[in-house]
Amino acid sequence: MPAEANRDRATEAASAVRAAKATKTDAGATRTPPAGSLTERQEARRRRILHACAQLAGRGGFDAVQMREVAESSQVALGTLYRYFPSKIHLLVATMQDQLEHMHGTLRRKPPAGRTAAERVTETLMRVFRALQREPQLADAMVRALSFADRSVSGEVDQVSRQTTLIILDAMELTDPTPDQLSAVRVIEHTWHSALISWLSGRASIAQVRADVETACRLVDLTAPTPPAPR
């Protein structure tokens, strides 16, 4: 078994190198375009890959996501998989963005009912947290990948951040936030992410997570523009 695992890792490493070379424009090859510009067939293939990744991570966490197994489960060639996602980290971060996008759709169908923006953002983020809580191994795998991501994964990390920002802005019922409000959103994102890591590592209870999120979300109300004084 160790020898087989070593062969698999060596194969994956070699494929990763080939995929990386394929991304260089001076090599005359092209990499699979971003999700927004995929053909219907390419998008279907990408969705199979993300689904397979989520299933493997949900069953066995970060270590269970092996590129060869993802390729076999999604019925794509290993080289094709690497054209879509150059590494396991790229794949897991993209899976997190996909999961957040799905949760965002659910939230839009049933928006939070808090009286203030802070209450709505708190309820929204706790609903997302509870969804992640239902699949802790998947959540742990995605968050670990986000923590391990380097500059080569910046595009996928930015997508996760943008999706989280959209979720928060929807809860705030904002389409044109001020710079102060965007700054508050970034602080809330950082707090939520940190609280999620603390919970996954067993260093924080759900009650502590909620308390931290509620505290950060108060910034939302503090940064609301002051209405002009009546003349």
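That block above? That's the structure.
Computed from a predicted model, the values in this text were never measured in an experiment. (Residues numbered from 1 in each chain as written. Predicted model: local features only at pLDDT ≥ 70, side-chain atom pairs only at ≥ 80, totals over all residues. Heavy atoms only, no water.)

Novice: Would you mind showing me how to read the overall build of the protein here?
Specialist: Looking only at helices and strands, the protein features 10 helices and zero strands. In the protein, the succession of helices and strands from N to C terminus is α-α-α-α-α-α-α-α-α-α. For the protein, the residues scored as buried account for 42% of the 231 residues in total. Residue pairs in contact within the protein that sit at least 24 positions apart in sequence constitute 72% of those at least 6 positions apart. (Helix = DSSP H or I, 4+ residues; strand = E, 2+ residues; numbered from the N terminus. Buried < 20%, exposed > 50% of the residue type's maximum accessible area, 1.4 Å probe, protein only. Contact = heavy atoms within 4.5 Å.)

Novice: Looking at this structure, how should I read the packing of helix α6 (residues 117-133) against helix α10 (residues 206-222)?
Specialist: Any two packed helices are characterised by how steeply their axes cross, that is the angle between the axes, and by the distance between the axes. Two numbers describe how α6 lies on α10: the axes approach to 8 Å, and their chain directions differ by 145°. In the packing of α6 onto α10, the handedness of the crossing is right-handed. When α6 is examined against α10, the residues Ala 117, Ala 118, Val 121, Thr 122, Glu 123, Leu 125, Met 126, Phe 129, Arg 130 and Gln 133 are found in contact with a partner set consisting of Ile 206, Val 209, Arg 210, Val 213, Glu 214, Cys 217, Arg 218, Val 220 and Asp 221. Here the residues of the contact of α6 with α10 are counted per class, giving 11 nonpolar, two polar and six charged. (Axes fitted to C-alpha atoms, helices over the stretch in contact; angles between N-to-C directions. Left-handed = near helix turned anticlockwise from the far one by under 90°. Nonpolar A, V, L, I, M, F, W, Y, C, P; charged D, E, K, R; others polar.)

Novice: Hey, could you run me through the nonpolar core in this one?
Specialist: Soluble globular proteins: nonpolar side chains tend toward being buried together. Grouped together as the largest cluster of nonpolar side chains are 63 residues, with contacts concentrated most on Leu 81, Leu 91 and Val 121. Other than its neighbours up to four places away in sequence, Val 121 contacts Ile 168, Ala 171, Met 172, Ile 188, Cys 217 and Val 220. (Core = buried A, V, L, I, M, F, W, Y, C linked by side-chain atoms within 4.5 Å.)

Novice: How should I be thinking about unusual backbone geometry in this particular structure?
Specialist: Where the residue is not glycine, phi is negative for most of them; where a peptide bond is considered, it is trans in most cases. Of note, Gln 75 is a non-glycine position whose phi angle comes to about 60°, a positive value. On the secondary structure map, Gln 75 appears in the loop between α3 (67-74) and α4 (78-84).

Novice: Sorry, what's going on with the environment of Gln 137 here?
Specialist: Among the secondary structure elements, Gln 137 is positioned in helix α7 (residues 136-148). Overall, the relative accessible area of 36% leaves Gln 137 in the partly exposed class. When sequence neighbours within four positions are dropped, the list of residues in contact with Gln 137 reads Ala 57, Gly 58, Arg 59, Gly 60 and Gly 61.

Novice: It is not clear to me how the pattern of salt bridges should be interpreted in this structure. Could you clarify?
Specialist: Between side chains of opposite charge, a pair can form when the charged atoms approach closely. Under the counting rule described, the total for this entry stands at eight salt bridges. Between Arg 47 and Glu 43 there is a salt bridge, with the nearest N and O atoms lying 3.7 Å from each other. Separated by four residues within a single helix, Arg 47 and Glu 43 lie in helix α2 (residues 40-60), roughly one turn from each other. One network of salt bridges, in which partners are shared, links Glu 123, Arg 130, Arg 210 and Glu 214. (Salt bridge = Lys/Arg side-chain N within 4 Å of Asp/Glu carboxyl O.)

Novice: What exactly am I supposed to notice about the packing of helix α5 (residues 88-109) against α6 here?
Specialist: For the pair α5 and α6, interaxial distance at closest approach is 11 Å and the crossing angle is 130°. The pairing of α5 with α6 is recorded here as oblique in orientation. Two packed elements cross with a definite hand, and for α5 against α6 that hand is right-handed. Residues Leu 100, Met 103, Thr 106 and Leu 107 of α5 pack against Thr 124, Arg 127, Val 128, Ala 131 and Leu 132 of α6. Residue classes in the contact of α5 with α6 are distributed as six nonpolar, two polar and one charged. (Parallel < 35°, antiparallel > 145°, perpendicular 65-115°, else oblique.)

Novice: Help me out: how do you make sense of the packing of aromatic side chains in this one?
Specialist: Each aromatic ring pair is characterised by the separation of its centres together with the angle its planes make. Here the structure, examined in full by the defined rule, presents two aromatic pairs. Measuring from ring centre to ring centre gives 5.6 Å for Phe 62 and Phe 148, while their planes differ by 85°; the resulting arrangement is edge-to-face. With Phe 62 in the loop between α2 and α3 and Phe 148 in helix α7, this pair connects stretches of sequence that are 86 residues apart. We classify Phe 62 as buried; its relative accessible area is 11%. For the pair Phe 129 and Trp 199, a centre-to-centre distance of 5.0 Å together with 75° between the ring planes defines the contact as edge-to-face. Here Phe 129, found in helix α6, pairs with Trp 199, found in helix α9 (residues 179-200); they are 70 residues apart in sequence, far enough to count as distant. Like Trp 199, Phe 129 is buried. Over the ring of Phe 62 we find Lys 88, and its NZ or CZ is 4.0 Å from the ring centre. (Phe/Tyr/Trp six-rings, centres within 6.5 Å; stacked < 30°, edge-to-face > 60°. Lys NZ or Arg CZ within 6 Å of the ring centre and 35° of its normal.)

By themselves, these observations are geometric and do not establish any function.
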